[in-house]
Amino acid sequence: MRPGHILHLVLLLALVSYASAFPVQNALENNKATAWFQKEYDNYFRPNLDDSTPPVIYGVSVRPPVLKTGDPRSEIRALVHDPSGLGMVYAEIGNRMNLMLDLDRDGTYTGYCGSNLPAGTYNVTIIAIDRFGNAAKDESKKITIRDLRDLNGNGIEDSLEGQKARDLKVIVLHEEKLKGNLTGISTTREKSFNVLPGSAMTVPSDRLEEIARTDGVRGVYTDQKLTLLSLQESPGSPNPAPSIIDDPRKSTGPVGKGVTVALIDTGADAGHDSLSGRIVAFQDFVNEQDEPYDDNGHGTHCASLIAGGLGMGVAPGANLVVVKVMDRNGACYLSDALKALDWCLENRDRYGIKVISFSVGGEGPSDGTSLLDEACSRMVEEGLVMCVAAGNSGPAPSSIVMPGGAKEVITVGAIDHTGMIFDLSSRGPTQAGEIKPDLVTLGVDVPSALAGSRDGQSSVSGTSMAVPQVSGASAILLEVEPELQPADVKRLLLKTADDLGAEGKDNLYGYGALNLTRALRSTNAPEEGLYPPDLADVRLNRDEATEGEPVMVEAQASGEIRSLNANIIGPDRNLEIPMDDLDGNGVYSARWETSFWTAGEYQISVDLEGGFGERESMAVPFRLLKRD
């Protein structure tokens, strides 16, 4: 008997001896650990007559078999039997491992699948491996994830179906190869965009099914209306009681010099003294004018809050790029917003754009999966800080409007000068369960530049007024630390906010009220909790293995971690395995069972996602050998 087996046997005997001091039946009913060790003890001494026999899988069920995005999880169950004892049972769904456990020790293994997979139908592959490495799999079941916008799964947003209109404004998401090739279907010239590969067009309702069935089309969606997220302005500048909130416009020191903020809004009045010399570029998607103007007033108010002089702006040294997509009534279509985001990406290097201020949103609650949410998340992935409004649909819970439900953007709510939440400021959680907004700042009776005047002011309320102040604060941090990524800016602003309401982050105030003074101080001497998460090391227990041999993946990581996954990247398929820090010592582990995998060269990548969207990866090579 090998030394490892002797040690294993001694441990099992000690545990069984300890368990025997108590009534066995009670122990099995009340102590899952005792049941597990009893099972190990039984398996160790049970003679194995045929160790080449794989496990038997039967009675597989998936309930419910259909989920909508945002639904609770489905339960996956299977009866699994093997006389020599089972080592591991799991389900592969959408290239992700879902561990299954037999907690009741009755041979019924249970696992779960969440609804956060992309819409589609997936095979549920259950794999069972016994103690000797023999493996079996069952592929008898499927699970379907429905897009909330397309519950019947025909590729057409439900709100479009049943309409008889000759002209419907739609957005068609499709592969790149179709760009410019759908003109024969539409009644207008296509307007294409890249931030989400697709096209906007006007089509007759009787052509929707034809478009949806076209090879390469991902889906057909409503080109919905967007609106400004502010309330009626009043002339003049109020004189409120002294504020208990850190006013970011009174910050001293850095002014955002060298950083450009893009404002997507109604335009801006360059003739106002507070904006003199600050607008370095203007793009008009409404009236195609060359010189900056604002026929609504909202954009001027926001522009001055970002970078205005005369004490109006948070970052008076920053440059402004103004993109006009909202008309004189403060409205536009989703396709207009997507074109504006495209333009910002295309011109980011030309003008040094690092921050986007977007006080525009939908008219109802967001589930975090809208096309605008997706597009704004893509902007963050491209390295741009996205500051967006929570919306003015409060005080109802779950009233965050798009794109405020997007996970990686900075979603901003509004408070008054006493720190009380603005009654209409939208609240979380999002329909996906995320806590939103991320933080709040002054958004009630906020004075700023009045369009059409030389130096006049007006006061406006709404989350629209809070967003440009956070945008200006982001510009200041980027002046001090130009290498900060969007997740770093978000972490610094949120972790240094003044906690309001219930202790910790909540669905009224998020992390609390913006405190630019503290955020700036933290860039020079950051506290431990402000450092980004760190992925320090990745190790395998072996550099190569034969088909069927298990491989242990370990990673050392620290900080605020949202998820840590081992990704097995092979010649013919990939698998994502969640990693766990079972001992709480910062070492995360995962087990990869190589049965049913193809021999060849592999990459084992460990991918970390931080609490504020930080991402880090490390990869090591691996070779899987064919079994003789």
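Asks: For this particular structure, what's the right way to read the overall build of the protein?
Replies: Scanning the protein from terminus to terminus reveals 11 helices and 33 strands. The 628 residues of the protein split such that 52% are buried. Counted over contacts in the protein with a minimum sequence separation of 6, partners at least 24 positions apart contribute 73%. Within the structure as shown, the protein displays about 27,700 Å² of accessible surface, and the carbon and sulfur contribution to it stands at 48%.

Asks: What exactly am I supposed to notice about helix α6 (residues 334-346) here?
Replies: What sets the pattern is the α-helix's 3.6 residues per turn: residues three or four places apart point alike. A rise of 1.5 Å per residue sets the reference length of α6, with its 13 residues, at 18 Å; its end C-alpha atoms lie 19 Å apart and thus fit the reference within 8%. With 10 of its 13 residues buried, α6 lies for the most part within the structure.

Asks: It is not clear to me how the pairing of strand β4 (residues 86-93) should be interpreted in this structure. Could you clarify?
Replies: Buried residues dominate β4, accounting for seven of its eight residues. Looking at chain direction, β4 and strand β7 (residues 120-130) are connected through six bridges and run antiparallel. Residue M88 lies in a different strand from β7, and its bridge partner there is I129. Alignment of β4 against strand β5 (residues 96-100), held across five bridges, turns out to be antiparallel. Each bridged residue has a counterpart across the sheet, and for I93 the counterpart in β5 is R96.

Asks: Please explain helix α10 (residues 486-495) as it appears in this structure.
Replies: Across the 10 residues of α10, nine count as buried, placing the element largely inside the fold. For α10, the full list of buried residues reads P486, A487, D488, V489, K490, R491, L492, L493 and L494. Those residues of α10 that are buried are in contact with α8 (371-381), β21 (385-389), β22 (410-415), β23 (439-442), α9 (463-480) and α11 (516-524).

Asks: Looking at this structure, how should I read the sheet that holds strand β19 (residues 353-358)?
Replies: Adjacent strands of a sheet pair through backbone hydrogen bonds, lying either parallel or antiparallel. Reading across the sheet, the seven strands line up as β16-β17-β15-β19-β21-β22-β23 and stay open at both edges, with parallel pairing between neighbours. Each end of this open sheet is capped by a strand with a single partner; those strands are β16 (279-284) and β23. Strand-to-strand, the axes of this sheet are offset by a mean angle of 25°, without reference to chain direction. Pairing of strand β15 (residues 260-265) with strand β17 (residues 319-324) involves six bridges; the strand directions are parallel. In the sheet register, D265 faces β17, and the bridge partner there is K324. Contacting β15, β17 and β19, helix α5 (residues 298-307) runs over the sheet at an angle of about 160° to β15.

Asks: Can you walk me through the pattern of salt bridges in this structure?
Replies: Side chains that differ in charge, positive against negative, can pair when their charged atoms come close. Tallying each qualifying case throughout the model produces 30 salt bridges. Residues R149 and D147 are paired through a salt bridge, measuring 3.0 Å at the closest nitrogen-oxygen approach. Note on R149: relative accessible area 16%, which makes it buried. With relative accessibility at 12%, the residue D147 sits in the buried group. The partner of E609 in a salt bridge is K407, with the nearest N and O atoms 3.9 Å apart. With a gap of 202 residues between them, E609 in strand β32 (residues 600-610) and K407 in the loop between β21 and β22 connect regions that are remote in the sequence. Look at E609 and you get buried, because its relative accessible area is 11%. For K407, a relative accessible area of 31% corresponds to the partly exposed category. Residues participating in the shared-partner salt-bridge network are K407, E408, R562, E609 and R615.

Asks: Which parts of the structure should I look at to understand the side chain of S448?
Replies: Of note, S448 is situated in strand β24 (residues 446-449). Polar side-chain contacts of S448 include one of 2.8 Å to the backbone oxygen of H301.

Thresholds, definitions, all that
- Residues numbered from 1 in each chain as written.
- Predicted model: local features only at pLDDT ≥ 70, side-chain atom pairs only at ≥ 80, totals over all residues.
- Heavy atoms only, no water.
- Helix = DSSP H or I, 4+ residues; strand = E, 2+ residues; numbered from the N terminus.
- Buried < 20%, exposed > 50% of the residue type's maximum accessible area, 1.4 Å probe, protein only.
- Contact = heavy atoms within 4.5 Å.
- Areas by Shrake-Rupley, 256 points an atom, 1.4 Å probe, with all protein chains shown as cover.
- Expected span 1.5 Å × (residues − 1).
- Pairing = 2+ DSSP bridges.
- Axes fitted to C-alpha atoms, helices over the stretch in contact; angles between N-to-C directions.
- Salt bridge = Lys/Arg side-chain N within 4 Å of Asp/Glu carboxyl O.
- Polar contact = N/O pair within 3.5 Å; in protein donor to acceptor, adjacent residues only side chain to side chain.

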